[in-house]
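Chain by chain, the residues run as shown.
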Amino acid sequence: MKTIRGIILKFAAACVLAASALAHPGSGILVDRLGQLYFIDTGSGLWKIDTKGGLSHLSPLRNHWLALDPNDRFTQSRLPTDPARDWVITAAGSNPTILISTDFPLVIGQDGNLYYPSVRESDRRILRQRSAVGIATFATLPRAAKGEQWINGLAAGPEGSIYYTDDAAIGRITAQGAVSTLATISPLAKGPKIPGNDTHPYLRGLKVDAKGVVYVADAGDARVLKITPDGKVATVLQLESPWAPTDVAVFGDIVYVLEFLHTPGDDRTEWMPRIRKITPDGTSTIILTVDQMPGARPTKPAAPVSSSAIWVGFLDLLWRSLFFGFFTINGLYHSRSLYPILRHDVGSHLYIVVRRGSYLPGAGTAYVNITSKNFQVGRRL
């Protein structure tokens, strides 16, 4: 009986670990010809930022990938469907239509056709659907360097080309279906450890500008890379854990980055999104955070912790920082002791994550808003 129980427990643990490894925030940010931004928040759905900075919530679908259909060719009735109903592509809005995918990346090419990877098959193919003709194989891809089957990102490029990402490589497909590798990416030495992600690098969303320059989000090493047409690689942005980019958008010479606060679990409401804008001179600015997205996250009452306990915990935090050594990020001291804390920016508020049984007696694990006048505990994790 003990042996059977042990096997069951090991199997359950393996399932939990596998689910955590496969869990990931959405990878979808797009910009239309007017400069309007569209992005997917896996915790609340599809959002739009207009040219004046106005924000609107377009769809509650909490899926993973987006494609922009500028000519509204793919209405819902013309989209591919899965007989087994394991995956779904949904059309949202019009002028332009945004396609939302549950299970795989997709893109509208320069020819106006829909491109997406084959699924539940041993071969790796990119399919092409013409709205009036049907579905056909566009290209068969070589085996990925790490042996993975899935495609992480798709983007349209110049002269009818399609680009794609594996975990560690960017591939290019010509309009005639010829496949080549643009660049293979090495792991970042001593890079940040992103919660819930042990893959280094982990290339996800990408975009290609008019000159054939590729911008790609490396979610595993928390960076955005720039790859020139001749394969030269440079780092455009480096983030600190627990934040990592999942996709990029390009409008002229401006780069937008969709970033998420990553967590080890699969609770989509804990993956906090934000949007960053990078101008040609290298200036990097966060233009949207989750607290500017009305209704994106449920509000929860503060945990019942006394103000005296908060002060005791906060003074203990400062003492440990001074004792073990500290460094400064935006004026907040972070401990390098055995009682780690994490930085969590949400708009104008600054939070720290306090682990169970450390700084706040009886508080458990909580977000603590230290910009609040009374150092109020936020929501329980």
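In this report, the structure presented in the accompanying data block is examined. (Residues numbered from 1 in each chain as written. Predicted model: local features only at pLDDT ≥ 70, side-chain atom pairs only at ≥ 80, totals over all residues. Heavy atoms only, no water.)

The subject of this paragraph is the overall build of the protein chain. Within the protein chain, the secondary structure is distributed over 2 helices and 29 strands. Relative to its 381 residues, the protein chain shows a buried fraction of 51%. Within the protein chain, contacts between residues at least 6 apart in sequence are counted, and of these 46% link residues at least 24 apart. In the structure as shown, the protein chain presents an accessible area of about 18,600 Å², 55% of it carried by carbon and sulfur atoms. (Helix = DSSP H or I, 4+ residues; strand = E, 2+ residues; numbered from the N terminus. Buried < 20%, exposed > 50% of the residue type's maximum accessible area, 1.4 Å probe, protein only. Contact = heavy atoms within 4.5 Å. Areas by Shrake-Rupley, 256 points an atom, 1.4 Å probe, with all protein chains shown as cover.)

Counting 33 residues, the largest nonpolar core has I29, L37, F39, V257, I275 and M293 as the members making the most contacts within it. Contributions of two or more residues to this core are made by β1 (29–31), β2 (37–41), β3 (45–49), β20 (243–251), β21 (254–261) and β22 (272–278). Discounting residues that sit within four places of it in the chain, M293 has contacts with F39, D41, S44, W47, L55, P273 and L288. Of all hydrophobic cores here, the second largest spans 14 residues; its members include I89, L106, L114 and V119. (Core = buried A, V, L, I, M, F, W, Y, C linked by side-chain atoms within 4.5 Å.)

To continue, consider the sheet that holds strand β16 (residues 203–208). The strand order across the open sheet built from 4 strands is β16-β17-β18-β19, with neighbouring strands paired in antiparallel fashion. Two strands close off the open sheet at either side, each with one partner strand: β16 and β19 (233–238). Here the strands of the sheet are splayed against their neighbours by 25° on average, with no regard to which way each runs. As defined by bridge partners, strand β18 (residues 223–227) adjoins β19 across 5 bridges and the pair is classed as antiparallel. In the strand pairing of β19, L225 is matched with T235. (Pairing = 2+ DSSP bridges. Axes fitted to C-alpha atoms, helices over the stretch in contact; angles between N-to-C directions.)

With the rule as written, the count across this model stands at 4 aromatic pairs. The interplanar angle of 70° and the centroid separation of 5.0 Å between the aromatic rings of W87 and F104 together place this pair among those described as edge-to-face. Placement of W87 in the loop between β5 (65–69) and β6 (89–92) and of F104 in the loop between β7 (97–101) and β8 (107–108) is noted, with a sequence separation of 17 residues between them. Here W87 and F104 have matching classes, each one buried. Aromatic pair F104 and Y116: ring centres 5.6 Å apart, planes at 20°, arrangement stacked. Of this pair, F104 sits in the loop between β7 and β8 while Y116 sits in strand β9 (residues 114–117), and the two are 12 residues apart along the sequence. Residue classification places Y116 among the buried positions, given a relative accessible area of 4%. One aromatic cluster is present, built from ring pairs that chain together W87, F104 and Y116. (Phe/Tyr/Trp six-rings, centres within 6.5 Å; stacked < 30°, edge-to-face > 60°.)

Further remarks concern the sheet that holds β22. Spatially, β20-β21-β22-β23 is the arrangement adopted by the 4 strands of the open sheet, whose pairing is antiparallel. The open sheet has two edge strands with one neighbour each: β20 and β23 (284–289). Across the sheet, the mean angle separating the axes of adjacent strands is 25° when strand polarity is ignored. With 5 bridges joining them, β22 and β23 adopt antiparallel strand pairing. Pairing of K277 across the sheet is with T285, part of β23.

What follows covers the side chain of D218. Within the element layout of this structure, D218 appears in strand β17 (residues 214–218). Taking relative accessible area as the criterion, D218 reaches 0% and is therefore assigned buried. Separated by 2.9 Å, the side chain of D218 and the backbone nitrogen of Y202 make a polar contact. Of the polar contacts made by the side chain of D218, one reaches the backbone nitrogen of G220; its length is 3.1 Å. Dropping the residues within four chain positions of it, D218 is found in contact with P201, Y202, L203, R223 and P245. (Polar contact = N/O pair within 3.5 Å; in protein donor to acceptor, adjacent residues only side chain to side chain.)

Another aspect to go through is the pairing of strand β4 (residues 55–59). One ladder, built from 4 bridges, connects β3 with β4; its direction is antiparallel. The residue of β4 that forms the bridge with I49 is L55. Connecting β3 to the antiparallel partner β4 that follows it, the hairpin turn spans 5 residues, and G53 within it adopts a positive phi of roughly 90°.

Overall, the coordinates contain 8 salt bridges when judged by the stated rule. Notably, a salt bridge pairs D230 with K232, separated by 4.0 Å at the nearest N-O pair. In terms of burial, D230 and K232 fall into one category: exposed. (Salt bridge = Lys/Arg side-chain N within 4 Å of Asp/Glu carboxyl O.)

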